Amino acid sequence: MSEACDEMRLLIQADLDGELRPAEAARVAAHLAGCPDCVRTQAELAGLSDRMAREASRYPASEAFRTALTARLAAAAPSTAPTVRRRQPLLLGASFGAGAALAASVLFLLMPIGGSSWPDEIVASHIRALQPGHLMDVVSTDQHTVKPWFDGRLPFAPPVKDLAAIGFPLAGGRLDYLAGRPAAAMIYHHGQHVIDLYAFDGTDLPAGLAPAGSRDGYNFERWTDGGMSFWAVSDLNAQELADFVRAWRKL
Ligand SMILES: [Zn+2]
């Protein structure tokens, strides 16, 4: 392990927590491509994060607890609490007990991220998923395979559609965890390009989010339908991504 790897360890954890800007996430990906030590570190940390996410999401906070905690946070830090945008990176070392980790993860679940950071989070997740071995949990071009795979793993049922006939074949699916919410990621291809289509339960997104935009060379579009929120993100140009979204929504 070099000094670069020591720094990388912190960045990897922040990356898993969705804390990195797309450019930083890309730097982590580049280092991982050439460093087996850090790939191992990432796998260990990802296992821990997954466990925390699962265990934390099994105990949703009551509305009363949320309200009380939000009030206490606001009292403790009036300048930042009402608009807390990002949770603190969970820098987990061996000395960081599971209880504290769980408490910290419950805390971040209670902090909605603000409007402007949603696109950052979505694009960073997309870049993270493009790393080797991270893109798909279920590999199938068959919507009748991917859909039931999601249905068994999420508390909502995202629609899975195949657009192969118009040049956007379904490639598979992945579970993601973004902004404290479980998400279904449907993966589509268009030539050499990858499109991630994220579906979340609920439409309670912060006001003022743009319906489309770009971050660090990646374009995104978002919309709501059937009580769910959708985000499509890709390095496709904005016009082609718009074509994909229009076709997907019409199907
Ligand atoms: Zn390394």
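Residues numbered from 1 in each chain as written. Predicted model: local features only at pLDDT ≥ 70, side-chain atom pairs only at ≥ 80, totals over all residues. Heavy atoms only, no water.

Draft legend 1. Examining the side chain of Ser125 more closely. Position of Ser125 relative to the elements: it lies in helix H6 (residues 117–129). Engagement of the side chain of Ser125 in a polar contact is seen with the side chain of Asp176, the distance being 3.3 Å. Ser125 has contacts with Arg174, Asp176, Leu178 and Tyr198, leaving out every residue within four places of it along the chain. (Helix = DSSP H or I, 4+ residues; strand = E, 2+ residues; numbered from the N terminus. Polar contact = N/O pair within 3.5 Å; in protein donor to acceptor, adjacent residues only side chain to side chain. Contact = heavy atoms within 4.5 Å.)

Draft legend 2. Broad picture of the coordination of the zinc ion. Those donors, Cys5 (SG), His31 (NE2), Cys35 (SG) and Cys38 (SG), are the protein atoms that reach the zinc ion, and they lie 2.1 to 2.3 Å from it. Around the zinc ion, the four donor atoms are arranged such that angles at the metal cover 99 to 116°; this shape is classified as tetrahedral. If you list the donors of the zinc ion from N- to C-terminus, the spacing comes out as C-x25-H-x3-C-x2-C. Residue Cys5 is found in helix H1 (residues 3–16), and its partner His31 is found in helix H2 (residues 22–33); the two are separated by 26 residues along the sequence. In terms of burial, Cys5 and His31 fall into one category: buried. (Donors = N, O, S within 2.8 Å, 3.2 Å for Na, K, Ca; no water. Tetrahedral: all angles 85-135°; square planar, octahedral: opposite > 155°, others 65-115°. Buried < 20%, exposed > 50% of the residue type's maximum accessible area, 1.4 Å probe, protein only.)

Draft legend 3. Representation of the packing of aromatic side chains in the model. Here the structure, examined in full by the defined rule, presents nine aromatic pairs. Between Trp149 and Phe150, the aromatic rings sit 5.5 Å apart at their centres with planes inclined by 70°, giving edge-to-face as the arrangement. Directly above the ring of Trp248 sits Lys161, whose terminal nitrogen or CZ lies 4.0 Å from the centroid. If you follow Arg222 out to its NZ or CZ, it ends over the ring of Trp231, 6.0 Å from the centre. (Phe/Tyr/Trp six-rings, centres within 6.5 Å; stacked < 30°, edge-to-face > 60°. Lys NZ or Arg CZ within 6 Å of the ring centre and 35° of its normal.)

Taken by themselves, the reported measurements are silent on function.
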